[in-house]
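Residue-level listing of the chains:
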Amino acid sequence: QVQLVEAGGGLVQAGGSLRLSCAASGRTFSSLRIKWFRQAPGKEREFVADISWNGGSTYYVEPVKGRFTISRDNSKNTAYLQMNSLKPEDTAVYYCNARSATAREDYWGQGTQVTVSS
């Protein structure tokens with residue numbers, strides 16, 4: 001019912017910034033919690049951040065806390081991940097995930113590549 005498309009990835013120097021977007025189609029976006037994951041080459045996918053349906057609650061893993069900001073605009077059916085002070089260790093494919101509270105609905109985008117050079 002929901003299709004997700006990530007955008008905004010690219011090549012950036014260490015210390016730079018990128019803003020990722022996750023555009024959703026479908027009528028249930030506003031009821032879903034949004035999570036960002038990432039997967040570095042040769043490593044397992046890891047959780048990065050999430051945000052509640054109304055944006056009232058956010059959570060970040062410690063390695064990105066203070067540098068990344070997750071947000072959403074339900075009127076545009078779009079979520080964002082603002083990434084500042086990027087480090088080479090942030091290099092990964094970043095995936096957007098939309099999930100209901102019960103995980104009865106669970107949607108994934110195709111990912112967008114983020115590469116941070118030294």
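The following paragraphs examine the structure supplied in this document.

About the cut-offs
- Residues numbered from 1 in each chain as written.
- Predicted model: local features only at pLDDT ≥ 70, side-chain atom pairs only at ≥ 80, totals over all residues.
- Heavy atoms only, no water.
- Helix = DSSP H or I, 4+ residues; strand = E, 2+ residues; numbered from the N terminus.
- Buried < 20%, exposed > 50% of the residue type's maximum accessible area, 1.4 Å probe, protein only.
- Salt bridge = Lys/Arg side-chain N within 4 Å of Asp/Glu carboxyl O.
- Disulfide = S-S within 2.5 Å.
- Polar contact = N/O pair within 3.5 Å; in protein donor to acceptor, adjacent residues only side chain to side chain.
- Contact = heavy atoms within 4.5 Å.

## A word on unusual backbone geometry
Logical step 1: Phi is positive for asparagine 77, which is not a glycine, with a value near 50°.
Logical step 2: The topology assignment puts asparagine 77 in the loop between strand S7 (68–73) and strand S8 (78–83).
Logical step 3: The backbone of serine 85 sits at a positive phi, close to 50°, despite the residue not being glycine.
Logical step 4: Here serine 85 is to be found in the loop between S8 and strand S9 (92–99).
Logical step 5: Using a relative accessible area of 41% as the deciding quantity, one classes serine 85 as partly exposed.

## Brief notes about the pattern of salt bridges
Logical step 1: Within the structure shown, the criterion is met by six salt bridges.
Logical step 2: The salt bridge involving aspartate 50 is made with arginine 33; its shortest N-O contact spans 2.8 Å. In this pair, aspartate 50 is assigned in strand S5 (residues 46–51) and arginine 33 in strand S4 (residues 33–39), connecting sequence segments 17 residues apart.
Logical step 3: We note a salt bridge from aspartate 50 to lysine 35, for which the minimum N-O separation is 2.8 Å. Taken together, the positions of aspartate 50 in strand S5 and lysine 35 in strand S4 put the pair 15 residues apart, joining distant regions of the chain.
Logical step 4: On the basis of relative accessible area, aspartate 50 is assigned to the buried category, the value being 6%.
Logical step 5: Judged by its relative accessible area of 15%, lysine 35 is buried.
Logical step 6: Bridged by salt links that share partners, the residues Arg38, Glu46, Arg67 and Asp90 form one connected network.

## Structural notes on the state of the cysteines
Here a disulfide denotes one covalent bond, and it connects the sulfur atoms of two cysteines.
Logical step 1: Taken as a whole and assessed by the stated rule, the structure comprises one disulfide.
Logical step 2: Residue cysteine 22 pairs covalently with cysteine 96 via a disulfide, S to S 2.1 Å. The chirality of the disulfide connecting cysteine 22 with cysteine 96 is left-handed, given an S-S dihedral of about -80°. Pair noted here: cysteine 22 is in strand S3 (residues 18–25) and cysteine 96 is in strand S9, with a separation of 74 residues, a long-range link.

## Notes on the side chain of serine 52
Logical step 1: Here serine 52 is to be found in the loop between S5 and strand S6 (58–60).
Logical step 2: Reaching out from serine 52, the side chain makes a polar contact with the side chain of asparagine 54 at a distance of 3.1 Å.
Logical step 3: Setting aside residues up to four positions removed in sequence, serine 52 forms contacts with Arg33, Ser57 and Arg72.

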